[in-house]
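# Descriptive analysis of the structure
If you want the building blocks of each chain, they are given just below.
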Amino acid sequence: LQDLSFELLAGDYLCIVGENGSGKSTLMKTILGLQPPISGRILTGDGLRKNEIGYLPQQTVVQKDFPASVREIVLSGCQGRCGSRPFYNKEEKQLAEDRELSGGQQQRVLLARALCATRKMLLLDEPVSGLDPKVTAEMYALIEKLNCEDGITVIMISHDIAAAVQYASHILHIGDTVFFGTKADYLESPQGRLFAAKKGGDAQ
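Residues numbered from 1 in each chain as written. Predicted model: local features only at pLDDT ≥ 70, side-chain atom pairs only at ≥ 80, totals over all residues. Heavy atoms only, no water.

## Concerning the pattern of salt bridges
- Per the stated rule, a full pass over the model turns up 2 salt bridges.
- Taking the shortest distance from any N to any O, the salt bridge between Glu 138 and Lys 134 comes out at 2.6 Å. One end of the pair is Glu 138 and the other is Lys 134, both in helix α7 (residues 133–148) and 4 residues apart, which spans about a single turn.
- Overall, Glu 138 belongs to the partly exposed group, its relative accessible area being 31%.
- On the basis of relative accessibility, which here comes to 58%, the residue Lys 134 falls in the exposed class.
- Glu 149 is the salt-bridge partner of Lys 145, the closest N and O atoms lying 3.8 Å from each other. (Salt bridge = Lys/Arg side-chain N within 4 Å of Asp/Glu carboxyl O. Helix = DSSP H or I, 4+ residues; strand = E, 2+ residues; numbered from the N terminus. Buried < 20%, exposed > 50% of the residue type's maximum accessible area, 1.4 Å probe, protein only.)

Take a look at the structure:
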């Protein structure tokens, strides 16, 4: 990606869309500090630290077979709070209990883990990939609630343009050209019209 510049405010809901291989996941990892930018800078305000960003990566086979209980996975999201302590304190254990989600659905468990790491920002990499329509709708509703009611800033990679337009406040389209703006402006842009038409064709 070149000449990419955008800004988010607390409480925004950004969907990152674009074709496979366009750099969406790489951008997210760069925001998280998991890899350095080739050039340029990523700046955070309001005292936001990298370890205060919750991250839900794409689901992998390893995650599906991960030998841990729901509570253990959720509680591991508090590791950034522990510092040099080799144990979880009472508050962190209670936070894990508060964040557990029923149903045993793996993405919900991993989202609960991400929530233990943050009260400020969530980065979600295709969080509904592979989920059935009912669970997908429930996941989108939960993310919307975290954004609207809890005020958590959301950055989500999605191939679901309909969901992006329904839930997001802003769209970042990555491809041969880059667009960043409100979802209303995106729908009027060449990228938005082309991408929406292509996805509509894929669905037929």
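## A word on α7
- Given a rise of 1.5 Å per residue, 16 residues ought to cover 22 Å, and the 22 Å separating the end C-alpha atoms of α7 matches this to within 8%.
- Those residues of α7 that fall on the buried side of the exposure criterion are Val 135, Thr 136, Met 139, Tyr 140, Ile 143, Leu 146 and Asn 147. Along α7, the residues classed as buried sweep out an arc of 140° about the axis, all on the same side. Of the residues in α7, the exposed ones pointing more than 90 degrees away from the buried face are Pro 133, Lys 134 and Cys 148. (Expected span 1.5 Å × (residues − 1). Arc of directions from axis to C-beta.)

## Describing the sheet that holds strand β4 (residues 153–157)
- If you trace the 6 strands from one edge of the open sheet to the other, you get β2-β3-β4-β1-β5-β6, paired in mixed fashion. Only two strands of the sheet have a single partner each, and these edge strands are β2 (53–56) and β6 (179–182). Looking at each pair of strands side by side, their axes are set apart by 15° on average, direction ignored.
- Pairing of strand β5 (residues 170–174) with β6, which is carried by 4 bridges, proceeds in the antiparallel orientation. Across the sheet, His 173 pairs through a bridge with Phe 179, a residue of β6.
- Across the sheet, α7 lies against β1 (13–18), β3 (121–125) and β4, angled at about 150° from β4, the strand it touches most. (Pairing = 2+ DSSP bridges. Axes fitted to C-alpha atoms, helices over the stretch in contact; angles between N-to-C directions. Contact = heavy atoms within 4.5 Å.)

## Here we look at helix α1 (residues 24–31)
- Within α1, burial applies to Lys 24, Leu 27, Met 28, Thr 30 and Ile 31. The arc that holds every buried residue of α1, seen down its axis, measures 160°, which confines them to one face.
- Of the surrounding elements, those touching the buried residues of α1 are β1, β2, β3, β4 and β5.
- At the exit of α1 stands Gly 33, carrying a positive phi of roughly 85°.

## Quick look at the nonpolar core
- One finds Tyr 13, Leu 111, Leu 122, Leu 124 and Met 156 to be the most contacted residues of the largest nonpolar core, which totals 28 residues.
- Looking at this core, the elements with two or more residues in it are β1, α6 (106–116), β3, α7, β4 and α8 (161–167).
- Of the residues forming this core, the biggest block, 5 residues, is contributed by α7.
- Those residues within four positions of Tyr 13 in sequence are excluded, and the remaining contacts are Ile 143, Glu 144, Asn 147, Val 154, Met 156, Tyr 167, Ala 168, Ser 169 and His 170.
- Grouped together as the second largest cluster of nonpolar side chains are 14 residues, Ile 16, Ile 31, Leu 123 and Ile 155 included. (Core = buried A, V, L, I, M, F, W, Y, C linked by side-chain atoms within 4.5 Å.)

## Points about the confidence of the model for the protein chain
- For the protein chain, mean pLDDT is 78; residues scoring 70 or higher make up 73% of the total.
- When mean pLDDT is compared element by element in the protein chain, β4 scores highest at 94, while helix α2 (residues 61–64) scores lowest at 46. (pLDDT = per-residue confidence, 0-100.)

## Brief notes about the side chain of Ser 189
- Turning to its location among the elements, Ser 189 is positioned in the loop between α9 (183–188) and α10 (190–203).
- Polar contacts involving the side chain of Ser 189 include one to the main-chain carbonyl oxygen of Tyr 186, which spans 2.6 Å. (Polar contact = N/O pair within 3.5 Å; in protein donor to acceptor, adjacent residues only side chain to side chain.)

## Concerning unusual backbone geometry
- Even without glycine at this site, Glu 126 takes up a positive phi of about 50°.
- As for its placement among the helices and strands, Glu 126 is situated in the loop between β3 and α7.
- What makes Glu 126 buried here is its relative accessible area of 18%.

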